[in-house]
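Survey of secondary and tertiary structure
What follows is the residue order along each chain.
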Amino acid sequence: MDGAAELVFCVNGRKVIEKNVDPETMLLPYLRKKLQLTGTKYGCGGGGCGACTVMISRYNPITKRIRHYPANACLLPICSLHGAAVTTVEGVGSTKARIHPVQERIAKCHGTQCGFCTPGMVMSIYTLLRNHPEPTLDQLTDALGGNLCRCTGYRPIIDACKTFCKVSRHERIIESTSPKLFSEEEFLPLDPTQELIFPPELMIMAEKQPQRTRVFVGDRMTWISPVTLKELLEAKVKYPQAPIVMGNTSVGPEVRFKGAFHPVIISPECIEELSVVNHADDGLTLGAGLSLAQVKEILKTQTYHALLKHLGTLAGCQIRNMASLGGHIVSRHLDSDLNPLLAVGNCTLNLLSKEGERQIPLNEQFLTKCPSADLKPGEILVSVNIPYSRKWEFVSAFRQAQRQQNALAIVNSGMRVFFGEGGGIIRELSIAYGGVGPTTICAKNSCQKLIGRPWNEEMLDAACRLILDEVSLPGWAPGGKVEFKRTLLISFFFKFYLKVSQILKTMVNGTDRVLSALEDLHSRNHWGTSKYQDVDPKQLPQDPIGRPIMHLSGIKHTTGEAIYCDDMPVLDGELFLAFVTSSRAHAEIVSIDLSEALSLPGVVDIVTEEDLRGVNSFGLFGEPEKLLETQEVSCVGQLVCAVVADSEVQAKRAAKRVKIVYQDLEPVILTIEEAIRHHSFFQGERKLEYGNVDEAFKVVDQILEGEIHMGGQEHFYMETQSMLAVPKGEDQEMDVYVSSQFPKYIQVTWVAATLKVPANKIMCHVKRVGGAFGGKVTKTGIMAAITPSPHLLQTREDMLITGGRHPYLGKYKAGFMNDGRILALDVEHYCNGGSTLDESLFVIEIGLLKVDNAYKFPNLRFRGWACRTNLPSNTALRGFGFPQSGLITENCITEVAAKCGLSPEKVRMMNMYKEIDQTPYKQEIDATNLIQCWKECMATSSYSLRKVAVEKFNSENYWKKKGLAMVPLKFPVGVLSTAAAQAAALVHIYLDGSVLVTHGGIEMGQGVHTKMIQVASRELRMPMSNVHLRGTSTETVPNANVSGGSLVADLNGLAVKDACQTLLKRLEPIISKNPKGTWKDWAQAAFDESISLSATGYFRGYESHMNWETGEGHPFEYFVFGAACSEVEIDCLTGAHKNIRTDIVMDIGHSINPALDVGQIEGAFIQGMGLYTIEELKYSPQGVLYTRGPDQYKIPAVSDVPTELHVSFLPPSQNSNTLYSSKGLGEPGVFLGCSVFFAIHDAVRAARQERGLLGPLKLDSPLTPEKIRMACEDKFTKMIPRDEPGSYVPWNIPV
Ligand SMILES: Cc1cc2nc3c(=O)[nH]c(=O)nc-3n(C[C@H](O)[C@H](O)[C@H](O)COP(=O)(O)OP(=O)(O)OC[C@H]3O[C@@H](n4cnc5c(N)ncnc54)[C@H](O)[C@@H]3O)c2cc1C
Ligand code: FES
Ligand code: FES
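Residues numbered from 1 in each chain as written. Chains lettered and ligands numbered in written order. Predicted model: local features only at pLDDT ≥ 70, side-chain atom pairs only at ≥ 80, totals over all residues. Heavy atoms only, no water.

The name given to the chain in an unreviewed UniProt entry is aldehyde oxidase, and the organism recorded there is Equus asinus. Here is the UniProt Sequence similarities (unreviewed entry) comment for the chain, exactly as written: "Belongs to the xanthine dehydrogenase family." (UniProt positions renumbered as here; feature names shortened; annotations may be inferred.)

1. Comments concerning the nonpolar core
Membership of the largest hydrophobic core comes to 294 residues, with the highest contact counts inside it found for Y433, W455 and F493. If you look at the next biggest cluster of nonpolar residues, it comprises 67 residues, including L308, L311, M322 and I360. (Core = buried A, V, L, I, M, F, W, Y, C linked by side-chain atoms within 4.5 Å. Buried < 20%, exposed > 50% of the residue type's maximum accessible area, 1.4 Å probe, protein only.)

2. As for the site of ligand 1
Around ligand 1, the surrounding shell holds 32 residues, and the nearest of these are I244, M246, T249, S324 and D337. Here an oxygen atom of ligand 1 and a backbone polar atom of N248 are 3.0 Å apart. Within the contact set of ligand 1, an oxygen atom lies 2.9 Å away from a backbone nitrogen or oxygen of S250. Within the residue set of the shell around ligand 1, elements represented by two or more residues are α14 (325-331) and β13 (380-387). (Near = heavy atom within 4 Å. Polar contact = N/O pair within 3.5 Å; in protein donor to acceptor, adjacent residues only side chain to side chain. Helix = DSSP H or I, 4+ residues; strand = E, 2+ residues; numbered from the N terminus.)

3. Description of unusual backbone geometry
When glycine is set aside, most residues are seen to have a negative phi, and most peptide bonds are trans. For the bond from E666 to P667, the omega torsion is -10 degrees, close enough to zero to count as cis. Mapped onto the elements, P667 comes out in the loop between β26 (659-664) and α24 (672-678). With an omega dihedral of 0 degrees, the bond running from S1261 to P1262 counts as a cis peptide bond. One can find P1262 in the loop between α39 (1234-1250) and α40 (1265-1271). Its identity as a non-glycine residue notwithstanding, N346 has a phi of 60 degrees, on the positive side. On the basis of relative accessibility, which here comes to 43%, the residue N346 falls in the partly exposed class.

4. Some thoughts on the pairing of strand β31 (residues 762-766)
Of all 5 residues in β31, 5 are buried; the element is thus mostly enclosed. Taken together, the 4 bridges between strand β30 (residues 734-738) and β31 define a ladder with parallel strand orientation. For V736, the partnering residue across the bridge sits in β31 and is C764. Once you follow β30 into helix α26 (residues 743-755) and on to β31, the crossover reads as right-handed. (Pairing = 2+ DSSP bridges. Right-handed = clockwise from strand over helix to strand, strands pointing away.)

5. Some words on helix α30 (residues 882-900)
With 19 residues, α30 extends 27 Å between its outermost C-alpha atoms, agreeing within 8% with the 27 Å of an ideal straight helix rising 1.5 Å per residue. Across the 19 residues of α30, 17 count as buried, placing the element largely inside the fold. A positive backbone phi angle near 70 degrees is found at G901, which sits one or two residues after α30. (Expected span 1.5 Å × (residues − 1).)

6. A look at the state of the cysteines
Evaluation of the coordinates by the stated rule reveals 0 disulfides. The thiol sulfur of C165 is not disulfide-bonded, and the nearest other cysteine sulfur, from C161, lies at 7.9 Å. Here C165 falls in the buried class, since its relative accessible area comes to 6%. (Disulfide = S-S within 2.5 Å.)

7. Observations concerning the pattern of salt bridges
With the rule as written, the count across this model stands at 78 salt bridges. Notably, a salt bridge pairs E1176 with K481, separated by 2.7 Å at the nearest N-O pair. Linking E1176 in the loop between α37 (1154-1173) and β48 (1204-1209) with K481 in the loop between α18 (457-470) and α19 (482-504), this pair joins segments that are 695 residues apart in sequence. Residue E1176 shares its accessibility class with K481, and that shared class is buried. The residue R863 makes a salt bridge to D826 at a minimum N-O spacing of 3.7 Å. Of the two residues, R863 is situated in strand β35 (residues 859-868) and D826 in strand β34 (residues 822-834); the sequence distance between them amounts to 37 residues. The exposure class of D826 is buried, given its relative accessible area of 11%. Each of K687, E689, D694, D826, E828, R861 and R863 takes part in salt bridges that share partners, so that together they form one network. (Salt bridge = Lys/Arg side-chain N within 4 Å of Asp/Glu carboxyl O.)

8. Thoughts on the UniProt feature "binding site: Mo-molybdopterin" (unreviewed entry) in the chain
Residues annotated in UniProt with the feature "binding site: Mo-molybdopterin" (unreviewed entry) correspond here to Q741, F773, R878 and G1045. A maximum C-alpha distance of 12.4 Å among these annotated residues, which run over 305 residues, shows that they cluster at one spot. Along the chain, the position of Q741 falls in the loop between β30 and α26. Setting aside residues up to four positions removed in sequence, Q741 forms contacts with A772, F773, G774, G775, K776, V777, I1002, M1004, V1042 and S1043. Within the local environment of Q741, its side chain forms a polar contact with the backbone nitrogen of G774, the two atoms lying 3.0 Å apart. Along the polypeptide, F773 turns up in the loop between β31 and α27 (778-785). (Contact = heavy atoms within 4.5 Å.)

9. Section: the packing of helix α5 (residues 137-144) against helix α6 (residues 155-162)
Put simply, α5 and α6 touch, their axes get as near as 11 Å, and they point 135 degrees apart. Judged by the inter-axis angle, α5 sits oblique to α6. Two packed elements cross with a definite hand, and for α5 against α6 that hand is right-handed. Packed against α5, whose contacting residues are L137, L140 and L144, the element α6 presents I157, I158, C161 and K162 at the interface. A class-by-class count of the residues in the contact of α5 with α6 yields 6 nonpolar, no polar and 1 charged. (Axes fitted to C-alpha atoms, helices over the stretch in contact; angles between N-to-C directions. Parallel < 35°, antiparallel > 145°, perpendicular 65-115°, else oblique. Left-handed = near helix turned anticlockwise from the far one by under 90°. Nonpolar A, V, L, I, M, F, W, Y, C, P; charged D, E, K, R; others polar.)

10. Details of the pairing of strand β7 (residues 222-225)
Covered by surrounding structure in β7 are T222 and I224 together with W223 and S225, the residues of both alternating faces. Where strand β6 (residues 214-217) meets β7, 4 bridges bridge the pair, whose relative direction is antiparallel. Paired with F216 across the bridge in β7 is W223. Taken together, β6 and the strand that follows it, β7, pair antiparallel across an intervening segment of 4 residues. Summarising the sheet, β7 and strand β8 (residues 264-266) pair through 3 bridges and their orientation is parallel. Considered in β8, the bridge of W223 is made with I265.

11. A closer look at the UniProt feature "binding site: FAD" (unreviewed entry) in the chain
The positions that UniProt labels "binding site: FAD" (unreviewed entry) are, in the present scheme, I244, V245, M246, G247, N248, T249, S250, V251, D337, L381 and R399. Spanning 156 residues, the named residues do not form one spatial group; their C-alpha atoms are separated by as much as 28.4 Å. Filtering out sequence-adjacent residues up to four positions away, D337 remains in contact with H310, L314, H328, R399, A409 and N412. Within the secondary structure, R399 is located in strand β14 (residues 393-401). Every residue in contact with R399, bar those within four places of it in the chain, is listed here: H310, T313, D337, Q404, A407, L408, A409, V411, N412 and F492. Here D337 takes part through its side chain, which lies 2.9 Å from a polar atom of the side chain of R399.

Laid out in structure tokens, this is it:
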């Protein structure tokens, strides 16, 4: 072995030589901090989001081939990169050199909003194109499967990437009558000859350099890279405990998130024997070092359908390219997709050690790590033998996850049966399951007992009972979903039974209706249309208002040049901060021992309550809230103290060494029901009454009472909370750079107050924010107050500390006539506010004011309570109470419809506001456009025809059902106070004629800066290219309101307009003197005449008031109307669903920028769809949030986008007070996601009806695969054992 070696690799064609490399360093921090290549983003740090995607290229001197593959830089140890070429987004293209077609097209097709996910998207597609310059649509969606985007809803990204595919234009985008949002004719052609070549130096190095083991020695860890099998075995003998790191996708997350530490790591490189592919007569031998992506390619030419199926959904493209077959097998994760299949397939493992070779079966003993069947110390896995299936042998794979793609399975399974010649009698049977125990579980005894039996219904029945008996899951089993898992065990076997029966043609009752169990859910390639308003033909061509202008940071997003808080250059003497948080839900802190943490090198200080004496408690929304708590904690995740150190790593290490002793306190209130029982509310009830409910109940035909529980939602902004405070060294001045929606609040309420200096010493700057959705208002402020140093929360901490959307319980009593008219409604809302008040009461109030959604309920009573519980405090999230409140109302309507035997759509239409009317708080409403949206949506979606088609489908298919649902939307826009809607702007004209615009709004991806430049361009009648916007700062526009509530562009635009008009008025005499002059001429002339070229603009806010005593007011300025129709297909046996089609029609007034507006609608819709279907927060009975990262919490991915997504706007309508008659669209679309919820509801109802279950159907949100499956009751759900409630402590509880 060599001594300490040099690490040599290339980044974007440049050679990097590291002489003293620290093996603990991953590529992502190395790129970002050491090489200052900040285009590659830090999202989750665990391989789950794709924000850090780079392309790795490796040259194989034996095959002389170069392999390009995408990888997650956050999990790539740099020591594994010797001889590799890394391409980051900066190497793909830049505004300074040449923009790559991928970058251009994603930007110009409006595929970026906040832009934080964009470099990762670019790299995934770029890598795909390096391997396949004309990819298929399947390859495209596969390539994007490992990249998450929280803003766009993916449709525009898919559209952009489709332009590279070899498909006809018609297949790409179905033409609509509307003008296009982008023009393909302008795009740069893709020219593969222009790409970076593999560095010849590395090629020569690979060819010529003698291959010897490299050793990299760091402070705590040694990295050994053997290059021959012999050296690998020697290293393994010397360090038997050292893991063999291949892809690092198993070891990496364990080190990062579970505190594992390995002083020595062995990472073999390019060892030929580990990459073997050998086709023999009886099977295939695959090297343990092959990546899962390579295995997938190899299997494509073989008949390993079952394995291929799992490899198509296992993780994302990046992980599949990094993870090795050997690493996957040896890790033996409980939810491994491949191990159950390999086990039933009688695979064998070829092992090697200094003692020689041996073979062991990949069987249950191996999978359960039974010492006699496991690898011995010093032994390595060289390859795997996968036998071919024999005649009359059948193998199948099944899995069900929370999301169809890139999500670990809840349960998976491999099943194999062998009949031998002479039909139908089971000779061999193997069944293995993942996800139902600590390792892969084989149903060995069950299989044994079934041998010799014919493949018939009796066997099926016996098999199900045996399996349930053998694979028993206790009620408290980790991961929860116990009854669902039990049902899947036998539902999968039923599918296997049908599949084999179909081939054997032995099905007694084998009708097409039953065979629907076998079909994969509807899957076609995506396409969408957008129909928006064209501008008035008389509008001047240079006037950009109403035109689909690209987000002005679009290109910078795609090139990685857009700067976010954590991208700022490292400062000298920079200190880092890490929080210590409570691990108990309700406890007294008995003692805190900081000594061990303080003794760690690099630790500068620990900020405790002591340091914040006098400023630790703030009155927030009328309740005191503490920054740091050192006496009594009231939730897990509460901030206790904060470690300051000279590096992020040391700060985090020290934070883990702070020892806190707790004394648990009673009560611990976690759920809404518990809060109601303990009467634990923030302040009293909020109430609104209209008409006379009690009287109305006396005259109605029927009364219905019901309730629905709705889970919370995580913001899941891709850029986690981050901030940097820079003391200026003079006069106590400080600059705070922060990812916040509310700079004034950070400046005045938190930082200045904590430091006890006037606000004029603290300036807060926000260039842009990588997604916020309401989560960067109050929580950011609290953290900023304690942050004297840069700070970036990890996704896991962020999700734990910052709370999210409020879980809700809605109870309703509706009085209605038999024809569906609802005459009386009495509704109660309870939200789970968490441990502090935050905005919970405001959320309840908004929820109450919007509970009528689109309906005129003549008599109603709404009451709401914010529950105080021992959970992290919940806060604002896009839609602010309306997505919960609206769902409760729609659920009530759906139930009323069921009672009346009518379609929900009919009851919706019947109860809708018509023309001019009055809301429950007596504000006038003109509902003409609401009705128009509804009718238009009915027409564009061909609702009636498709309803018939859905019914036909359902009558022909027993195990698959389709559902169709349409919901209307009336979203009142306003912030309930005139002062909260004021806005200001500052516009300067410089002597060269260029213009600088500043305003109080934050660019969070919604494109507000782009719209503001459009406004300035129209008002000043100058091209947009002449106007610039640098960012938001309390230095230029003080006291700005929070950016939120769909009003940012509206309010700030009016202020920008005002400033521009002031300037124009001043300059008009000069311009009229020289009408042919340029802006430079006019600016100079104004200067010469001592006319100020700078103006502030102001908008005082919409008149707005609400009197809760009288229940009357004018809280909102206007209403956004809309409707959405969604169709889904569900698999009744697994609970999977596929979004087939959604049509959205919106009334948006006059769009300022249709491309941005379509983006807001689609992005919000997909976020809402996630909320109502797959995003599920899970808490332990002790109040610990389990779901803290993309591995556990699933937001929609590219595979979840409806196959067809059509968005259209109503023709422009006048809206006199708003900016150019536009309407705010940031939030309304979220609610429309519930059309998918109700479509699933419709499908489940169809399934239940067919099974004779005609009673009420109670489905809570989110409508996950678990809830769908369990609601589609059948013989299998009846067969499973049920646990007595209260007889066990469940793993998780609904809050
Ligand atoms: C974001 C993400 C998503 C995922 N999604 C899925 C999914 O949907 N389905 C699924 O099944 N899995 C999933 N996984 C798990 C993934 O499949 C495994 O982590 C991966 O296959 C492990 O391979 P590796 O090469 O990265 O292992 P490494 O982390 O490099 O090594 C893992 C272990 O294997 C041992 N090892 C490796 N090679 C050998 C060898 N040749 N001989 C002896 N021991 C060896 C090591 O000592 C180590 O203990 C996911 C992982 C991540 C990070
Ligand atoms: S940051 Fe690497 S995948 Fe999320
Ligand atoms: S644009 Fe994708 S996360 Fe914001």
